[in-house]
Amino acid sequence: MNRSVIRRGIFWRYLQPLSALICAAGMTSALAQAVAVAGVKFEPSVQLDGATLQLNGAGLRTRAIFKVYAAGLYVPQKSTDAGTLLAQKGPRRVALTMLRDVSAETFAAALQEGLKSNHTESELAAIKAQSDRLLATLVALGEAKKGDAIFFEFVPAAGTRVVVNGQPRGDSIAGEDFFTAVLRIWLGDKPADSDLKKGMLGG
């Protein structure tokens, strides 16, 4: 066999694994990039309570023709299945950035409607004290202004908390099940916005 042919064969034998490695690295880099929704950037990962959370997905909440907020879901383990995400434990975060001014009462009422739509009467009764505290915290904000970053996050040692522009608001609300109930506002069978749910699921 011609020596040049042999040399080319050896060259490609070693080049192919290297090419695969480069492609894999490129794909990993692409997957790790930030996601932008309506001009709002969501980082691929965040730190919360000493844990690294991954951006599962992000999307846009609209009402009629208006863009209300962009939201991203951060979890310990990514999944495209809502049930799997709702069953996860540990620190988690729903990160909202407001795209228009909304009164605190309107914002709280929309979330309350999301809770009602995704729970039975007995389930709502079981979390009434907790949901009342959450809604009171939201109403106390006065107004959710365009550009505000509002986090609904869960920290095991403290519970569910609301963080606005980096500042915790109100008291933490104990109970991991309650945060799961809050997540159903966006991931439940009757989500606040079906397109937003799809985005949060990574679609």
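Residues numbered from 1 in each chain as written. Predicted model: local features only at pLDDT ≥ 70, side-chain atom pairs only at ≥ 80, totals over all residues. Heavy atoms only, no water.

Visitor: Any chance you could explain helix H5 (residues 128–139) here in plain terms?
Guide: Think of an α-helix as 3.6 residues a turn; residues three or four steps apart then line up on the same face. In a regular helix each residue adds 1.5 Å, so 12 residues correspond to 16 Å; H5 covers 16 Å between its end C-alpha atoms and thus fits that length. Along H5, the positions that sit buried rather than exposed are Gln-130, Ser-131, Leu-134, Leu-135, Thr-137 and Leu-138. Taken around the axis of H5, the buried residues stretch over an arc of 155 degrees, which confines them to a single face. In this structure, the buried residues of H5 make contact with helix H3 (104–117), helix H4 (121–126), strand E9 (149–155), strand E10 (159–164), strand E11 (167–173) and helix H6 (176–187). (Helix = DSSP H or I, 4+ residues; strand = E, 2+ residues; numbered from the N terminus. Expected span 1.5 Å × (residues − 1). Buried < 20%, exposed > 50% of the residue type's maximum accessible area, 1.4 Å probe, protein only. Arc of directions from axis to C-beta. Contact = heavy atoms within 4.5 Å.)

Visitor: Any chance you could explain the pattern of salt bridges here in plain terms?
Guide: Side chains carrying opposite charge are able to pair once their charged atoms draw close together. Across all of its chains, the model carries 6 salt bridges by this definition. Measuring nitrogen to oxygen at the nearest pair gives 2.7 Å for the salt bridge that ties Lys-128 to Asp-132. Separated by 4 residues within a single helix, Lys-128 and Asp-132 lie in helix H5, roughly one turn from each other. Classification of Asp-132 as partly exposed rests on a relative accessible area of 35%. Here the salt bridges share partners, and the residues they tie into one network are Arg-93, Glu-153 and Arg-161. (Salt bridge = Lys/Arg side-chain N within 4 Å of Asp/Glu carboxyl O.)

Visitor: How do you make sense of the packing of H3 against H5 when you look at a structure like this?
Guide: H5 packs onto H3 with a crossing angle of 155 degrees between their chain directions and a minimal axis gap of 8 Å. Comparing the axis directions of H3 and H5 gives the class roughly antiparallel. Crossing of H3 against H5: the hand is right-handed. Residue-level contacts link Ala-104, Glu-105, Phe-107, Ala-108, Leu-111, Gln-112 and Leu-115 of H3 to Ser-131, Leu-135, Leu-138 and Val-139 of H5. When grouped by side-chain class, the residues that make up the contact of H3 with H5 number 8 nonpolar, 2 polar and 1 charged. (Axes fitted to C-alpha atoms, helices over the stretch in contact; angles between N-to-C directions. Parallel < 35°, antiparallel > 145°, perpendicular 65-115°, else oblique. Left-handed = near helix turned anticlockwise from the far one by under 90°. Nonpolar A, V, L, I, M, F, W, Y, C, P; charged D, E, K, R; others polar.)

Visitor: Sorry if this is basic, but what is going on with the environment of Asp-49 here?
Guide: As for its position among the elements, Asp-49 is in the loop between strand E3 (45–48) and strand E4 (51–63). Expressed as a C-alpha distance, the spacing of Asp-49 and Arg-92, which sit 43 residues apart in the sequence, is 9.5 Å.

Visitor: I tried to follow the pairing of E11 on my own but got confused; where do I start?
Guide: Look at any regular strand and the pattern is simple: side chains alternate between the two faces of the sheet. Here E10 runs beside E11; their pairing, made up of 4 bridges, is antiparallel. Each residue of the ladder has a partner; that of Val-163, found in E11, is Pro-168. Between E10 and the antiparallel strand that follows it, E11, lie 2 residues; Asn-165 among them carries a positive phi value of about 50 degrees. (Pairing = 2+ DSSP bridges.)

Visitor: Could you clarify how one ought to interpret the nonpolar core in this entry?
Guide: Generally speaking, soluble globular proteins have nonpolar side chains that are buried together. By size, the foremost hydrophobic cluster in this structure holds 40 residues, and its most contacted members are Tyr-69, Leu-96, Phe-107, Leu-138, Ile-150, Phe-152 and Trp-186. In terms of residues, this core owes the most to one element, H6, which gives 8 residues. Excluding residues that lie within four positions of it along the chain, Phe-152 makes contacts with Arg-92, Arg-93, Val-94, Leu-96, Phe-107, Leu-111, Leu-134, Leu-138, Arg-161, Val-162, Phe-179 and Trp-186. Counting 13 residues, the second largest nonpolar core, distinct from the first, contains Val-37, Phe-42, Val-46 and Leu-99. (Core = buried A, V, L, I, M, F, W, Y, C linked by side-chain atoms within 4.5 Å.)

Visitor: Before we go on, may I ask you to explain the side chain of Gln-88 in this structure?
Guide: If you trace the backbone, Gln-88 turns up in the loop between helix H2 (82–87) and strand E6 (92–98). Given a relative accessible area of 10%, Gln-88 falls into the buried group.

Visitor: Sorry, what's going on with the pairing of E4 here?
Guide: The pairing of E3 with E4 spans 4 bridges and is classified as antiparallel. Within E4, the residue paired with Ser-45 across the bridge is Gln-54. One ladder, built from 9 bridges, connects E4 with strand E5 (residues 66–75); its direction is antiparallel. Across the sheet, the residue bridging to Arg-63 is Phe-66, located in E5.

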